[in-house]
Amino acid sequence: MKRAFSFGDKSLEPAVQRINEIRCVAIIGAGTMGQGIVIDLLQKTDYEILLLDVKEEALDAARCRLEGLWKRDVAGSRMRAQDAEACAARMTYTRSYDELGKADIIWEVATERSEIKAHIFRSIESAADPSRIAAVFSNTSSHTTEELAELFASETFREKFLTVHGYFPFEANRLIDVMKGKYASDATFRIGTVFADQILEKTVIALPVDHHGYITDPIFQAMGAIVSWDVKNANDIVERGGLWDLFTANPFVVLDQTGHMPYTESSRHMGAALPETDRLCGLYQRDGAAYPEWVARLERDGNTGVNAESRCGFYSWSDGQRPRPTGVLDPESGDYVPIGDNSRKEYWSYYEAMERDRLAGKIKSAESLVHVACAGDAGGQAFRRYALPLCLYALDMIQDRIATPGQINIATRAGLRFKVGLIELIDALIANLTIDGLIQLIRRARDENADDPYTVAMLDVDGAGGPRKGLPCLLWEMKRRNLTRLLGYGRYYRTPVAELDLETGQYVGCYLDLKFCKPSTKDRVASIVFNSPLRGNVFNKAVIDQLGHAYSRVLTLHRKGGCGAVMFSAGGGGMRMLGADAREFNRGWFERDQGYAPLSESEAAASSRNGVGLFRLIQRSPVASIGVFGEKWGGGAEFTYFLDLRYDVKAFGFAFDALERKSHWDQKNTYNQPELDYAILPGFGAAGELQRLGMGDSIIFEVFDQGMTADRAYQIGLCNGVFEDELEALRRGFERARQMAKDAPYSRALFKQELARGADDEALAKDTGETFNPKINPFVQTGLLALLDRGQRAPKMNYACDGVQLPGWQYPTENGMTDAPLPSETERPATGSV
């Protein structure tokens with residue numbers, strides 16, 4: 001959203017108020033990352049943007065890219081010409097630090113070199129207005145917040161300084177890190193996290209303690225570094241680096257796209273600054289070098305990736321808007337040679353893993369990674385040499401209380417786009433091998449690499465030597481405490497929904513695609529926000545699991561009297577809510593040359609059954625519900641039909657006129673059910689729920705055949721309020737939920753039962769009588785006092801429901817998590833089965 005909202009959290013209100021006063025953001029550094037931040041801010045805010053760089057050619061390149069982007073968006077009917085002109089008018093390109101006096105937030109995105117950062121920070125201090133500045137950010141990839149804060153002379157700027165770091169490409173990557181460090185105030189930390197969450201619409205990893213490179217960057221940095229020391233020829237870049245294709249992508253391909261400078265500068269800094277206890281410090285301290293000579297030679301020659309003049313780096317690249325690798329570097333000769341495939345003879349486990357996933361209808365699954373980890377080929381050796389040290393590094397961060405299991409898993413999934421998060425992999429290894437078996441696998445890797453002291457040190461699990469000497473691996477503590485999982489998994493599809501709290505041994509909610517805002521004791525309103533705006537907040541298996549777990553928390557709070565209502569909404573501009581994830585309509589990875597791979601009937605039926613079952617639970621529960629959304633499609637619209645009330649935010653954009661054969665700017669449909677166009681059914685119950693809501697057949701056909709605007713939905717009674725401003729819709733929706741939360745639990749449960757039952761006069765008389773019986777309805781005494789004794793302040797109602805039988809309602813015994821073991825080798829489906 002363009003503005004922030006507190007969701008009832010009083011501690012956030014000062015940060016929300018300060019953020020909503022922001023008018024100008026300054027970005028220092030017009031390179032790839034700086035341009036990405038500018039694009040993101042222009043799309044998501046109405047701020048004035050100041051782009052500062054000391055090089056005129058860098059500013060010219062940024063201006064050229066932005067103007068080209070707007071031109072293409074206008075031509076493609078994604079933006080109006082007047083909106084492009086407005087974006088251009090909000091931009092200021094400058095080489096002068098004097099312009100910083102009007103900035104509310106300053107974000108340095110220039111370099112990893114400390115001496116240059118020191119000069120920049122001195123310039124900020126001399127030019128910025130400390131009374132106006134809300135926060136100063138640095139997008140560093142390797143420094144700690146404390147290191148950089150000390151470059152400021154003034155305590156005022158130190159208190160307002162955070163490291164805030166996004167990932168390439170910034171405008172299309174959902175992860176962002178916010179790190180507090182030693183000097184920043186709590187108020188500044190809250191401003192940074194709320195700004196990253198609600199204005200930038202990112203998935204935020206908020207770290208109150210310092211750590212070099214946050215969580216994600218050290219892992220990505222190590223993915224390339226750990227392989228780079230073994231690279232001798234072109235095949236090594238493809239095959240050894242190709243291990244990471246099983247997780248996400250070859251890091252050498254990614255580094256060519258981002259440019260090598262952040263990687264090499266971060267490597268130099270980590271080599272000098274990492275603490276002695278860091279398991280990975282040996283990657284950046286070898287014979288006085290932070291990275292191998294062949295990487296240094298690329299840097300010296302200016303071959304730093306797709307944006308280099310040569311368009312060469314680890315790979316050579318084609319021209320055009322979407323460049324592709326055309327060759328790979330042979331470090332021995334310095335030439336670029338054709339890109340080969342992995343050797344089937346030496347890396348057969350890679351091919352087996354892919355075939356296993358294809359037969360099971362999965363994509364880069366944890367079970368297949370475990371298969372490679374245990375294999376006896378070059379692929380298995382590569383996994384044990386390169387991936388296991390990173391697993392141990394993740395366990396170190398948990399053990400050292402740098403990060404939680406859920407944060408690490410989310411960071412690798414969202415930032416590095418792992419299909420299987422790093423903590424999910426560790427859980428899968430334990431599920432298949434046991435903790436003892438995993439320790440033996442690590443020792444096997446150590447023995448395989450006995451001639452390499454750096455790798456041996458990284459593979460230490462006993463605290464016997466290397467950087468972690470005296471610090472046995474977390475696996476030993478887990479074994480002692482009989483802990484076999486670091487994450488909790490959903491009851492529907494076994495995707496992550498919770499993380500282990502090491503202090504208590506309990507699992508607490510932790511979501512990649514949702515935000516759960518706990519109710520205050522005063523308001524008693526929980527908020528559940530679908531929070532994957534880059535994907536349109538789709539419903540997929542992971543979201544169903546997360547929603548099931550989050551709602552189980554709502555019901556637990558309701559039972560104890562702590563929650564009476566829940567407000568559902570969606571993150572991102574326009575609060576869009578798309579339907580079921582189309583990627584999951586195909587069995588496995590969709591490949592154009594292979595065509596559609598159909599789901600089995602049982603898989604498709606399970607998708608409908610699980611979704612409708614969860615929505616029905618929400619509908620029938622005694623917790624009041626309201627949805628505040630904008631544009632809704634398919635299952636996203638269907639979900640709202642199950643809620644008690646619906647508030648709509650008007651959507652505007654280009655709509656295609658099929659008769660005139662052109663697009664025009666207008667109010668867009670807020671309710672869209674396109675399923676019939678795609679030869680499927682609305683599997684989350686649209687037809688039946690629309691009838692239940694009183695819509696006749698003609699109205700239902702209107703929804704399905706042409707869609708419906710918010711105004712039209714309000715006209716026919718499908719929605720209960722229409723707003724043009726997102727923040728106002730949230731404010732009004734939350735206030736309505738707060739009022740609904742005051743309903744006595746017994747009465748609301750009985751009222752919902754009456755609605756579901758329909759007209760039955762005798763049953764109504766019986767129910768009415770029972771509501772006046774305090775032994776059946778203990779809330780009636782407090783409720784009626786508020787009505788009868790107007791001269792006195794009514795006593796506060798105790799909303800707790802323990803020991804009370806609510807009409808037509810039984811609290812589920814499940815907590816939204818499965819107790820079933822994770823899939824192991826012996827539980828996998830047979831070849832060709834579902």
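Residues numbered from 1 in each chain as written. Predicted model: local features only at pLDDT ≥ 70, side-chain atom pairs only at ≥ 80, totals over all residues. Heavy atoms only, no water.

Comments concerning the overall build of the protein chain
Here is step 1: Summing up its helical and strand segments, the protein chain has 30 helices and 24 strands in all.
Here is step 2: Computed over the C-alpha atoms, the radius of gyration of the protein chain is 28 Å, within 12% of the 28 Å expected from 2.2 N^0.38 for a compact globule of 834 residues.
Here is step 3: If one aligns the C-alpha atoms of the protein chain with their principal axes, the spans along those axes are about 90 × 65 × 60 Å.
Here is step 4: At a minimum sequence separation of 6, the contacts of the protein chain that also span at least 24 residues come to 70%. (Helix = DSSP H or I, 4+ residues; strand = E, 2+ residues; numbered from the N terminus. Rg over C-alpha atoms; globule rule 2.2 N^0.38 Å. Contact = heavy atoms within 4.5 Å.)

A short note on the side chain of Ser228
Here is step 1: You can see Ser228 is positioned in helix H9 (residues 216-228).
Here is step 2: Given a relative accessible area of 1%, Ser228 falls into the buried group.
Here is step 3: Setting aside anything within four residues of it in sequence, one finds Ser228 in contact with Phe252, Tyr263, Pro292 and Trp294. (Buried < 20%, exposed > 50% of the residue type's maximum accessible area, 1.4 Å probe, protein only.)

With respect to the confidence of the model for the protein chain
Here is step 1: Across the protein chain, pLDDT averages 93, with 98% of residues at or above 70.
Here is step 2: Across residues 825-834, confidence stays below pLDDT 50; counting only partners more than four residues off in sequence or on other chains, it has 20 contacts. (pLDDT = per-residue confidence, 0-100.)

Re the layout of surface pockets
Here is step 1: Empty space within the second largest pocket amounts to approximately 1300 Å³.
Here is step 2: Of all elements in the fold, only helix H8 (186-199), strand S8 (203-207), helix H17 (405-415), strand S14 (506-509) and strand S15 (514-517) reach the threshold of two or more residues within the lining of the second largest pocket.
Here is step 3: A per-element tally of the lining of the second largest pocket places H8 first, with six residues.
Here is step 4: Looking at the lining of the second largest pocket residue by residue, the class counts come to 17 nonpolar, ten polar and eight charged. (1 Å grid on protein atoms, 1.4 Å probe; cavity = no way out; pocket = protein on both sides within 12 Å on 5 of 7 lines; lining within 4 Å. Points joined across faces, edges and corners; volume = space filled by probe spheres on them. Nonpolar A, V, L, I, M, F, W, Y, C, P; charged D, E, K, R; others polar.)

A short note on the sheet that holds strand S5 (residues 135-138)
Here is step 1: One open sheet holds the eight strands; their spatial order is S3-S2-S1-S4-S5-S6-S7-S8, and the pairing between them is mixed. Each having just a single partner strand, strand S3 (91-94) and S8 make up the two edges of the open sheet. Ignoring strand direction, the axes of neighbouring strands in this sheet form an average angle of 20°.
Here is step 2: Alignment of strand S4 (residues 105-108) against S5, held across four bridges, turns out to be parallel. Bridge pairing links Ile106 to Val136 in S5. (Pairing = 2+ DSSP bridges. Axes fitted to C-alpha atoms, helices over the stretch in contact; angles between N-to-C directions.)

What to know about H8
In an α-helix, one full turn covers 3.6 residues, which means residues spaced three or four apart are oriented alike.
Here is step 1: Counted at 1.5 Å a residue, the expected span for H8 with its 14 residues is 20 Å, and the 19 Å between its end C-alpha atoms agrees.
Here is step 2: Extensive coverage of H8 is indicated by the burial of eleven of its 14 residues.
Here is step 3: Those residues of H8 that fall on the buried side of the exposure criterion are Thr188, Phe189, Ile191, Gly192, Thr193, Val194, Phe195, Ala196, Asp197, Gln198 and Ile199.
Here is step 4: Glu201 lies just past H8 and shows a positive phi near 60°. (Expected span 1.5 Å × (residues − 1).)

Some points on the sheet that holds strand S9 (residues 315-317)
Here is step 1: Reading across from one edge, S9-S10-S11 is the order of the three strands in this open sheet, with antiparallel pairing throughout. The outermost strands of the open sheet, each flanked by one partner alone, are S9 and strand S11 (335-337). Averaged over all pairs of adjacent strands, the angle between strand axes in this sheet comes to 40°, irrespective of strand direction.
Here is step 2: Both strand S10 (residues 325-330) and S11 contribute to a ladder of three bridges, which runs antiparallel. The partner of Leu329 across the bridge, within S11, is Tyr336.

Thoughts on the state of the cysteines
Here is step 1: Tallied over the full model, the rule gives zero disulfides.
Here is step 2: With no disulfide of its own, Cys24 lies closest to Cys87 among cysteine sulfurs, the gap being 15 Å.
Here is step 3: Left unpaired, Cys64 is separated from the closest cysteine sulfur, that of Cys87, by 16 Å. (Disulfide = S-S within 2.5 Å.)

A short note on H9
Here is step 1: Compared with an ideal rise of 1.5 Å per residue, which puts 13 residues at 18 Å, H9 spans 19 Å between its outermost C-alpha atoms and is within 8% of the ideal.
Here is step 2: The largest bend in H9 is about 25°, located at Ala222.
Here is step 3: Across the 13 residues that make up H9, a large majority, 13, are buried. (Bend = angle between axes of the 7 residues up to and from the residue.)

Things to note about the packing of aromatic side chains
Here is step 1: Applying the stated criterion across every chain yields a total of 31 aromatic pairs.
Here is step 2: Where Phe5 meets Phe7, the ring centres are 4.9 Å apart and the plane angle is 75°; that geometry is what we call edge-to-face.
Here is step 3: Of the residues examined, Phe5 reaches a relative accessible area of 9% and is grouped as buried.
Here is step 4: With relative accessibility at 8%, the residue Phe7 sits in the buried group.
Here is step 5: Summarising the aromatic geometry, the rings of Phe247 and Phe383 are spaced 6.0 Å apart at their centres and angled 25° between planes, so their arrangement reads as stacked. Of the two residues, Phe247 is situated in the loop between helix H10 (234-239) and helix H11 (251-258) and Phe383 in helix H16 (residues 378-399); the sequence distance between them amounts to 136 residues.
Here is step 6: On the basis of relative accessible area, Phe247 is assigned to the buried category, the value being 2%. (Phe/Tyr/Trp six-rings, centres within 6.5 Å; stacked < 30°, edge-to-face > 60°.)

A few points about the environment of Pro472
Here is step 1: The residue Pro472 is located in the loop between helix H19 (453-458) and helix H20 (474-480) in this model.
Here is step 2: The exposure class of Pro472 is partly exposed, given its relative accessible area of 36%.
Here is step 3: Along the sequence, Pro472 and Asp210 sit 262 residues apart, while their C-alpha atoms lie 22 Å from each other.
Here is step 4: Excluding its chain neighbours within four sequence positions, the residues that come into contact with Pro472 are Gln399, Val461, Asp462 and Gly463.

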